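Now for the letters of each chain:
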Amino acid sequence: QVQLVESGGGLVQPGGSLRLSCAPSGSIFSLYTMGWYRQAPGKQRELVARITIEGSTNYADSVKGRFTISRDNTKNTVSLQMNNLKPEDTSVYYCNAFLEVIGLGLPRDYWGQGTQVTVSA
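These remarks concern the structure in this document. Owing to the predicted nature of the structure, the values given are computational and were not obtained by experimental measurement. (Residues numbered from 1 in each chain as written. Predicted model: local features only at pLDDT ≥ 70, side-chain atom pairs only at ≥ 80, totals over all residues. Heavy atoms only, no water.)

1. A closer look at the state of the cysteines
Applying the stated criterion across every chain yields a total of 1 disulfide. Each sulfur of the disulfide joining Cys22 and Cys95 lies 2.1 Å from the other. Judged by the torsion about the S-S bond (-85°), the Cys22/Cys95 disulfide is left-handed. Taken together, the residues Cys22 in strand 3 (residues 18-25) and Cys95 in strand 9 (residues 91-101) connect sequence positions 73 residues apart. (Disulfide = S-S within 2.5 Å. Helix = DSSP H or I, 4+ residues; strand = E, 2+ residues; numbered from the N terminus.)

2. Section: the packing of aromatic side chains
Per the stated rule, a full pass over the model turns up 2 aromatic pairs. Considering the side-chain rings of Tyr32 and Phe98, the 6.1 Å spacing of their centres and the 50° angle between planes classify their relative orientation as tilted. Of this pair, Tyr32 sits in strand 4 (residues 28-39) while Phe98 is found in strand 9, placing the two residues 66 residues apart along the sequence. Taking 5.0 Å as the distance between ring centres and 70° as the angle between the ring planes, the aromatic pair formed by Tyr37 and Trp111 counts as edge-to-face. With a gap of 74 residues between them, Tyr37 in strand 4 and Trp111 in strand 10 (residues 108-111) connect regions that are remote in the sequence. Over the ring of Tyr110 we find Arg108; its NZ or CZ atom is 3.9 Å from the centre of that ring. (Phe/Tyr/Trp six-rings, centres within 6.5 Å; stacked < 30°, edge-to-face > 60°. Lys NZ or Arg CZ within 6 Å of the ring centre and 35° of its normal.)

What is shown is where atoms sit, not what they do.
Shown next, in the form of structure tokens:
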């Protein structure tokens, strides 16, 4: 089985920074697009940022210029650097990876357990 292990959430004041990291564990054959989504109470899960294996990125309009997604293909990790955080960024952040497990055939989406980010004075 594959698990996505997230780290780096927490409480930060408005204008502060946090860095989220995610690393899949298990027998991975190929790792394709990775990304971060978030879901606030009473709202639908939304894309924050994602990055392809080639390094192409796209971001939600609300985080452009403040968040940066990156990946290390040698370690199969993805990170999200969040700067100038705002109260409206408060949410549970989920790591996502589209990957293929050894011996299981076609790739599919996997999700982390979520990490809480709270932006408050």
